[in-house]
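# Commentary on secondary and tertiary structure
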Number of protein chains: 2
Amino acid sequence: MPQPKILAIAGGVGGAKLALGLARGLPPENLTVVVNTGDDETFHGLHVSPDLDSVTYALAGLTNPDTGWGVAGDSFRTLEALGRLGAETWFGLGDLDFATHIRRTALLADGMSLSQATAEITRHLGITCAVVPMTDAPVRTIAITDSGELAFQEYFVHRGCEPRITGVRFDGADAAQPSPAFADALRDADAIVYCPSNPLVSVGPILAVPGVRDSIANFAGPRIAVSPIVGGQALKGPAAKMMGELGEEVNCVGVARRYVGLCDALVIDDVDREHSGAIEECGMRAVVTGTIMQTEFDKERLAREIVELIAGWSR
Amino acid sequence: MPQPKILAIAGGVGGAKLALGLARGLPPENLTVVVNTGDDETFHGLHVSPDLDSVTYALAGLTNPDTGWGVAGDSFRTLEALGRLGAETWFGLGDLDFATHIRRTALLADGMSLSQATAEITRHLGITCAVVPMTDAPVRTIAITDSGELAFQEYFVHRGCEPRITGVRFDGADAAQPSPAFADALRDADAIVYCPSNPLVSVGPILAVPGVRDSIANFAGPRIAVSPIVGGQALKGPAAKMMGELGEEVNCVGVARRYVGLCDALVIDDVDREHSGAIEECGMRAVVTGTIMQTEFDKERLAREIVELIAGWSR
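In this report, the structure presented in the accompanying data block is examined. What you see as residue numbers is a count from 1 along each chain, following the sequence as written. Numbering of ligands from 1 and lettering of chains from A proceed in the order in which they are written. Reporting of local features is limited, given that this is a predicted model, to residues whose pLDDT is at least 70; pairs of side-chain atoms are given and counted only at 80 or more, and all residues count toward the totals for whole chains, interfaces and linings.

## Digging into the sheet that holds strand β7 (residues 148-151) of chain A
Strand pairing in a sheet takes place through backbone hydrogen bonds and is either antiparallel or parallel in direction. All names here are of chain A. At least two bridges found by DSSP between two strands is the condition for calling them paired. Strands here are runs of E lasting at least two residues and helices are runs of H or I lasting at least four, both read from the DSSP assignment and numbered beginning at the N terminus. The three strands lie next to each other as β7-β6-β8, forming an open sheet whose pairing is antiparallel. This sheet does not close on itself; its edge strands, each paired only once, are β7 and β8 (165-171). Strand-to-strand, the axes of this sheet are offset by a mean angle of 25°, without reference to chain direction. Relative to β8, strand β6 (residues 140-145) is paired through six bridges, and the arrangement is antiparallel. Note on β8: the bridge partner recorded for T145 is I165. Axis lines are fitted to C-alpha atoms, over the contacting stretch for helices. Their N-to-C directions set the angle, which ranges from 0 to 180 degrees.

## Some points on helix α2 (residues 50-59) of chain B
Our exposure labels follow a C-beta count within 10 Å of each residue's own C-beta, placed from the backbone: buried means 20 or more other C-beta atoms, exposed means 12 or fewer, and partly exposed covers the counts in between. For α2(B), a buried count of 10 out of 10 residues is recorded, marking the element as mostly surrounded by other parts of the structure. For α2(B), every residue scored as buried is listed here: B:P50, B:D51, B:L52, B:D53, B:S54, B:V55, B:T56, B:Y57, B:A58 and B:L59.

## Description of the relation of the copies chain A and chain B
When the copies are superposed, the least-squares fit draws on C-alpha atoms of residues that have pLDDT of at least 70 in both. Between the two copies, chain A and chain B, the superposition gives an RMSD of 0.0 Å; the rotation angle is 180° and the shift along the axis is 0.0 Å. In short, the pair behaves as if placed about a two-fold rotation axis. Of every C-alpha in chain A, the one belonging to A:D95 sits nearest the axis of rotation, 3.3 Å from it. A symmetric contact is evident, with 100% of the interface residues of chain A recurring at the interface of chain B. The contact criterion used is a C-beta to C-beta distance within 7 Å, with each C-beta placed from the backbone.

## Describing the sheet that holds strand β14 (residues 285-289) of chain A
All names here are of chain A. An order of β5-β2-β1-β9-β10-β13-β14 is seen for the seven strands of this open sheet, with the pairing classed as parallel. Looking along the sheet, the strands with just one partner apiece sit at the ends: β5 (130-133) and β14. Strand-to-strand twist of the sheet, defined as the mean angle between neighbouring strand axes without regard to direction, takes the value 20°. In this sheet, strand β13 (residues 265-269) lies alongside strand β10 (residues 223-226) in parallel orientation, the contact comprising three bridges. Opposite I224, over in β13, you have A265 as the bridge partner. The sheet strands contacting helix α1 (residues 13-25) are β1 (6-10), β2 (31-35) and β10, and the helix crosses β1 at an angle near 160°.

## Structural notes on unusual backbone geometry
Residue and element names in this part refer to chain B. Located in the positive-phi region is H44, a residue other than glycine, with phi close to 55°. Examined against the element boundaries, H44 turns out to sit in the loop between β3 (41-43) and β4 (46-48). Given 25 C-beta atoms within 10 Å, H44 falls into the buried group. If you check the backbone angles, C161 has positive phi at about 60° while not being a glycine. Relative to the helices and strands, C161 is located in the loop between α6 (152-158) and β8 (165-171).

## Here we look at the interface of chain A and chain B
Note: interface size is frequently given as the accessible area lost on complex formation between the parts. If you look at the interface, chain A gives 25 residues, while chain B gives 25 residues. Taken together, the elements giving at least two residues each to the side of chain A that touches chain B come down to α3 (77-84), α4 (95-109) and α5 (114-124) of chain A. The dominant element in the side of chain A that touches chain B, judged by the number of residues it contributes, is α4(A), at 10 residues. When the residues that make up the side of chain A that touches chain B are grouped by side-chain class, the tally is 12 nonpolar, eight polar and five charged. Residue polarity is assigned by list, with Asp, Glu, Lys and Arg as charged and Ala, Val, Leu, Ile, Met, Phe, Trp, Tyr, Cys and Pro as nonpolar; anything else, Gly included, falls into the polar class.

## Re the packing of α4(A) against helix α3 (residues 77-84) of chain B
It is the contact of α4(A) with α3(B), at a shortest axis distance of 8 Å, that shows an interaxial angle of 50°. Put simply, α4(A) runs oblique to α3(B). Crossing angle aside, the handedness with which α4(A) passes α3(B) is right-handed. Across the interface between the two elements, A:D95, A:L96, A:F98, A:A99, A:I102 and A:R103 from α4(A) touch B:R77, B:T78, B:A81 and B:L82 from α3(B). Its residues placed into classes, the contact of α4(A) with α3(B) shows six nonpolar, one polar and three charged. An angle below 35 degrees is treated as roughly parallel, one above 145 as roughly antiparallel, one from 65 to 115 as roughly perpendicular, and anything else as oblique. Here a crossing is called left-handed whenever its near helix is offset anticlockwise from the far helix by less than a right angle, and right-handed whenever the offset is clockwise.

Okay, here's the thing in structure tokens:
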């Protein structure tokens, strides 16, 4: 049978891993990866898109394997020199990474949309599937914390997620619309896959773009999510800490609760098998498998299982 | 006797050498180096000021000794990565150099003038004398050639000065005014020193800023120029080729002719002693000494001779 057309929803590191697995297993025209841009920030006058870049570097085979983000073998000479010139340098930007931000900023200044700039960058890096921002409009994730309201990178990187959050907000989302390729994929895809990304601040901003939540709620095909919380802990990043501070259940059931009405199956790890019943009470199947992606093989295998689940899907 | 207050007029490499010599021999408050910005260009969306940076790196002790421009020990990883992303890379920008352009562009975007951004950058690099752009307004040197009109860096770097020039033009100069510190120095300095920079495209743009030529023509103190043409050849850059193509005498006498009414003494190299008479016919003294600055000692010695000439000056 023909391969399904998949719309993958992704944040940074975890999203990039599954996106790579999906890209290895699907014809490029069958995969659109829509990426959170609520984390975008201006550093040194340059437009930095951490999640777009994590996905891009992963699909281009450039990712630093030690961190899951940034470029393998990168150096930090430009950033160090910026520090000597009086600039703040708490956000790590490598010399190779800087090229991406410089190029994107120049393309945007020349009048391209973020979608167009991203297409230009990914094409030059040999990526053949579509990597698209959730929107071409500026959206800014704000962490509402006991230390005040913090832009996401300030909260996440500069403050190391130390402040206790009481909520998150997506400034600008109300005025945004889905990027053209995202809107097309919401209409044309056979299935939606939520990569194992932070439900609050990676998937949350994407769902906050007007029309997206309704499109997914009314989507005809299967909607499959992979839990980023395994054994009650986030594999990467602050998802567990944030969910706990917001009074949510810190396990895959908490993830399921966030996707009620938007998801038909939650893929959970073997260690979370006990939660299958609670997940099914949320109105979705629980699919139990190994979800930890350490190797290229892990990424391809999990993606293949998801594609097979979709191919064999019947409501 | 107290040291004179000197306004040094500089382009890139040659200007930077004498500026360093002067900086070593004078209290910092006695030296203002005004620098050509007609060569400025936007690369990758960043404001690049080649001459300001050559002077800045020289005074900060950062200059690449092999080239006279750029930063010693620089690498080119960001530029190479930009090339992989589809950007043009014929203008060499190192990773450390990029920091300067990124910082300057960010400071300008934050509302600083080029003077203020330059002061911020030079201060952080430990430079204590004033390094100032000729103007805060955009001025663009255009080479009028047999291959059409070319922006200066296109002519100079991309085309390697190969097209034959028929003239130069300084777009935007008519609407410019001297930068505040340049205007102050034109009023307050005890002497003006033209560094051995290209008279057409390094000193020329500075003289083209409205009011500058008149201020120098009416300047009360001594005005000393150092010939960048030695033995009929430019020590660096296209000055000799350009002067020849414009039908000017390609030696220190041709330099003197460009500075008639704006200069009281032309410092020429020992090898050009024979031209002393022709220079004095231009209405200025010929001062013969070694003008080739290869070592730090050469730069300091030539600067010291000029300062002594100024200190002992009587019209």
